Amino acid sequence: MILTIPYQTLEIRNIHLNQFQIDHKGRYIANMSYKDTSIEIYDVPIITPPLSVIDYDPNTNRLRLDTQAQHTFSSKVANVQEFLIQTFYANRYSFLKNDITLDELRSMFQLLYVNSVLTLYVFPSTPIKCADGKTIYMNQLQKGDIIRCIVRIHGVNFISGNFPRL
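Residues numbered from 1 in each chain as written. Predicted model: local features only at pLDDT ≥ 70, side-chain atom pairs only at ≥ 80, totals over all residues. Heavy atoms only, no water.

**Focus on the sheet that holds strand 9 (residues 113-114)**
Put simply, the rule is: Strands are treated as partners if at least two bridges between them are detected by DSSP. The way it works is that DSSP assigns letters per residue, a run of H or I at least four long becomes a helix, a run of E at least two long becomes a strand, and they are numbered from the N terminus.
In spatial order, the strands read 9-10-8-7-13; together these five strands make up an open sheet with antiparallel pairing. Strand pairing shows two members of the sheet lacking a second neighbour, strand 9 and strand 13 (146-147), which therefore form its edges. The sheet contact formed by strand 9 and strand 10 (residues 117-121) spans two bridges and is antiparallel. Opposite valine 114, over in strand 10, you have valine 117 as the bridge partner.

In structure tokens form, the structure reads like this:
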């Protein structure tokens, strides 16, 4: 079971970003956590509203979801991304050991949310529980299917070329 934060109650001020460190897989990552007065979670797991599938590419594991009809959710996701970018900018000397402009920093991020489209990376063999109780797999999703999912944001890591990635 995964403890999740409903998007309606997500508070950006409760998201914390740690300093970069090398994890057990050798990745250079700044882990995130969610802390409020009653709970501390060592990532940021958010349950989405029902979203429409735009497409799924099993070769890249990329699932694209339309968030246009979910204004509150779209706003929260956009605000989380902007919070991370602004946090990096405010702490660019300690995080990046470099002075760069906000626009340069923004261009370094591979964003998960752009123009009402949420992009998630999910393996084709991931099971999906349907409303009727049946189980299908990610690679069986079709354009227009409606799904809810848990988005777990673990942190920001540097990938080739030293670009931060959510």
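**A few points about the state of the cysteines**
Keep this limit in mind: When two cysteine sulfur atoms are found within 2.5 Å, that pair is recorded as a disulfide.
One pass over the full model with this rule turns up zero disulfides. In this model cysteine 149 remains outside any disulfide bridge; the closest cysteine sulfur is found in cysteine 130, 14 Å from its own.

**Things to note about empty space enclosed by the protein**
Heads up, the condition is: Each cavity reported here is a set of points on a 1 Å grid over the protein atoms alone in which a 1.4 Å probe fits but cannot get out, each pocket an open set with protein on both sides within 12 Å along at least five of seven lines, and each lining residue one with an atom within 4 Å of a point. Grid points are joined across faces, edges and corners, and a volume is the space filled by probe spheres set on the points. Under the grouping applied here, Gly and all other residues not named as nonpolar or charged are polar, the nonpolar ones being Ala, Val, Leu, Ile, Met, Phe, Trp, Tyr, Cys and Pro and the charged ones Asp, Glu, Lys and Arg.
This model, assessed by the stated rule, comprises one cavity of 30 Å³ or more. Space inside the largest cavity adds up to approximately 110 Å³. Forming the boundary of the largest cavity are eleven residues, of which Val77, Leu112, Leu118, Val151 and Ile153 lie nearest the centre. Secondary-structure elements contributing two or more residues to the lining of the largest cavity are helix 1 (71-90) and strand 14 (150-153). By residue number, the principal contributor to the lining of the largest cavity is helix 1, which donates five residues. Tallied by class, the residues present in the lining of the largest cavity amount to ten nonpolar, one polar and no charged.

**Some remarks on the side chain of serine 74**
As a reminder of what qualifies: For each residue, the accessible area found with a 1.4 Å probe, counting protein chains only, is set against the maximum for its type, and the residue is called buried under 20%, exposed over 50%, and partly exposed in between. The contact definition used throughout considers only heavy atoms, calling two residues in contact when any of these lie within 4.5 Å.
Mapped onto the secondary structure, serine 74 falls in helix 1. Residue classification places serine 74 among the buried positions, given a relative accessible area of 10%. In this structure serine 74 touches Thr67 and Tyr113, once residues within four positions along its chain are discounted.

**Some points on the sheet that holds strand 1 (residues 5-6)**
Within the open sheet, the three strands sit side by side as 1-6-14. Their pairing is mixed. Of all strands in the sheet, those bounded by a partner on one side alone are strand 1 and strand 14.

**Thoughts on the layout of surface pockets**
To locate leftover empty space, one rolls a probe as large as a water molecule over the atoms. In this structure, the largest pocket occupies an estimated 1,200 Å³ of space. Around the largest pocket, the lining comprises 38 residues; the ones closest to its centre are Leu120, Tyr121, Val122, Ile150 and Arg152. At the level of secondary structure, the elements contributing two or more residues to the lining of the largest pocket comprise strand 4 (28-35), strand 10, strand 11 (127-129), strand 13, strand 14 and strand 15 (155-159). The leading source of residues in the lining of the largest pocket is strand 14, at four residues. Class assignment of the residues belonging to the lining of the largest pocket gives a composition of 23 nonpolar, eight polar and seven charged.

**Comments concerning the packing of aromatic side chains**
The condition is simple: Planes of paired rings set the category: under 30 degrees apart is stacked, over 60 is edge-to-face and the rest tilted, where pairs are Phe, Tyr or Trp rings (Trp by its six-membered ring) whose centres lie within 6.5 Å. We call a charge positioned over a ring when the NZ of a Lys or the CZ of an Arg lies within 6 Å of the ring centre and within 35 degrees of the ring normal.
This model, assessed by the stated rule, comprises four aromatic pairs. With centroids separated by 5.6 Å and ring planes inclined at 85°, the aromatic side chains of tyrosine 7 and phenylalanine 73 adopt a geometry described as edge-to-face. Placement of tyrosine 7 in the loop between strand 1 and strand 2 (15-17) and of phenylalanine 73 in helix 1 is noted, with a sequence separation of 66 residues between them. Pair check on accessibility: tyrosine 7 and phenylalanine 73 agree, each one buried. Ring geometry for phenylalanine 20 against tyrosine 28: centres 4.9 Å apart, planes inclined by 20°, an arrangement best described as stacked. Cluster of aromatic residues (ring-pair linked, three or more members): Phe20, Tyr28, Phe88 and Phe109. Lying over the aromatic face of tyrosine 89, arginine 92 brings its terminal NZ or CZ to 4.1 Å of the ring centre.

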